[in-house]
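Letter by letter, the chains look like this.
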Amino acid sequence: TGSSRPQRILKAVQKNATKGDPQSVISAIDYYCRHKEWAMNVGDDKGLILDSVLTEVNPSMALELGTYCGYSSVRIARLLSPNSKLITVEFNPAFAAIARQIIAYAGLQDKVTIVEGASGDLIPKMKERFGLKSFDFVFLDHWKDRYVPDTKLLEDCGLLRKGTVLLADNVICPGAPEYLKYVRNNPRYESRYYPSVLEYTKAEDGLEKSVFLG
Ligand SMILES: O=C(NCCCCc1cc2cnccc2s1)c1cc(-c2ccc(F)cc2)cc(O)c1O
Ligand SMILES: [Mg+2]
């Protein structure tokens, strides 16, 4: 049994990035996934949009659904103010283990909590587990058919507040058509589409930003 793709990504970070330097970790992953082997990170094109939305929101409490190798966790956490936190949820324990090491290599372990499990099970437990009122920012990057049920779950669990920003990856490729319908036809959301490309390719993809109006 050889190494996994996430393990090879971790190796590339350890070889090419500088410990404690988040930007060098991001660049090392982007270089590896563009020139050696593709992987489902949000990537550098959509990453710039993620950065700009994050800088605008400046969240104290952020949630990410879908950690994978921790690429977007590093992108998000590097821009958080002191004392702000990111909770990131990953279903696959092997992915979570790699992400923990990549986030630590970037020096961001104090800002990021990785939680393993299914979003549908974990979201209802978040308030009590983390003593939080609500999220200021949510990045959806997990199973595309979970975007709608989990958004409804976040609403029902009182984890969204007036002004919470949801940012969804892959709304074109692989696609989240039900989610686009849900947020675009819902008076409780103000939505905007940011056109871009699928990570490391020329295929069309984009991010949907939706502000919860309460
Ligand atoms: O599937 C994608 N991401 C989700 C996988 C994570 C599964 C989880 C479920 C779950 C449940 N609960 C909690 C945490 C989690 S994490 C994905 C796929 C592509 C892609 C793949 C092939 C292709 F040809 C073109 C695009 C691109 C992307 O940017 C993606 O994000
Ligand atoms: Mg994605």
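One structure accompanies this document, and this report is about it.

Thresholds applied
- Residues numbered from 1 in each chain as written.
- Chains lettered and ligands numbered in written order.
- Predicted model: local features only at pLDDT ≥ 70, side-chain atom pairs only at ≥ 80, totals over all residues.
- Heavy atoms only, no water.
- Donors = N, O, S within 2.8 Å, 3.2 Å for Na, K, Ca; no water.
- Buried < 20%, exposed > 50% of the residue type's maximum accessible area, 1.4 Å probe, protein only.
- Phe/Tyr/Trp six-rings, centres within 6.5 Å; stacked < 30°, edge-to-face > 60°.
- Helix = DSSP H or I, 4+ residues; strand = E, 2+ residues; numbered from the N terminus.
- Near = heavy atom within 4 Å.
- Polar contact = N/O pair within 3.5 Å; in protein donor to acceptor, adjacent residues only side chain to side chain.
- Areas by Shrake-Rupley, 256 points an atom, 1.4 Å probe, with all protein chains shown as cover.
- Nonpolar A, V, L, I, M, F, W, Y, C, P; charged D, E, K, R; others polar.

## Things to note about the coordination of the magnesium ion (ligand 2)
Six octahedral donors around a metal ideally subtend angles of 90 or 180 degrees, whereas four tetrahedral donors ideally subtend 109.5 degrees. Distances from the magnesium ion (ligand 2) to its protein donors, namely Asp141 (OD), Asp169 (OD) and Asn170 (OD1), fall within the range 2.0 to 2.2 Å. Counting the intervening residues between successive donors of the magnesium ion (ligand 2) yields the motif D-x27-D-N. Residues Asp169 and Asn170 agree in their burial class; the two are buried.

## Here's the deal with the packing of aromatic side chains
Applying the stated rule across the entire model yields 5 aromatic pairs. Between Tyr189 and Phe212, the aromatic rings sit 5.3 Å apart at their centres with planes inclined by 50°, giving tilted as the arrangement. Of this pair, Tyr189 sits in strand β6 (residues 189-197) while Phe212 sits in strand β7 (residues 204-212); the two residues are 23 residues apart in sequence, bridging distant segments of the chain. There is no split in this pair, since Tyr189 and Phe212 are both buried.

## A short note on the site of ligand 1
Around ligand 1, the surrounding shell holds 19 residues, and the nearest of these are Ser119, Asp141, Lys144, Asn170 and Glu199. Between ligand 1 and Asp141 there is a distance of 2.8 Å, counted from an oxygen atom to a side-chain nitrogen or oxygen. Within the side chain of Asp169, a nitrogen or oxygen atom sits 3.2 Å from an oxygen atom of ligand 1. Protein chains shield 78% of the accessible area of ligand 1, which is 670 Å² for the free molecule. Listing elements by their share of the shell around ligand 1, those giving two or more residues are β2 (85-90) and α9 (171-175). Considered class by class, the residues forming the shell around ligand 1 number 9 nonpolar, 5 polar and 5 charged.

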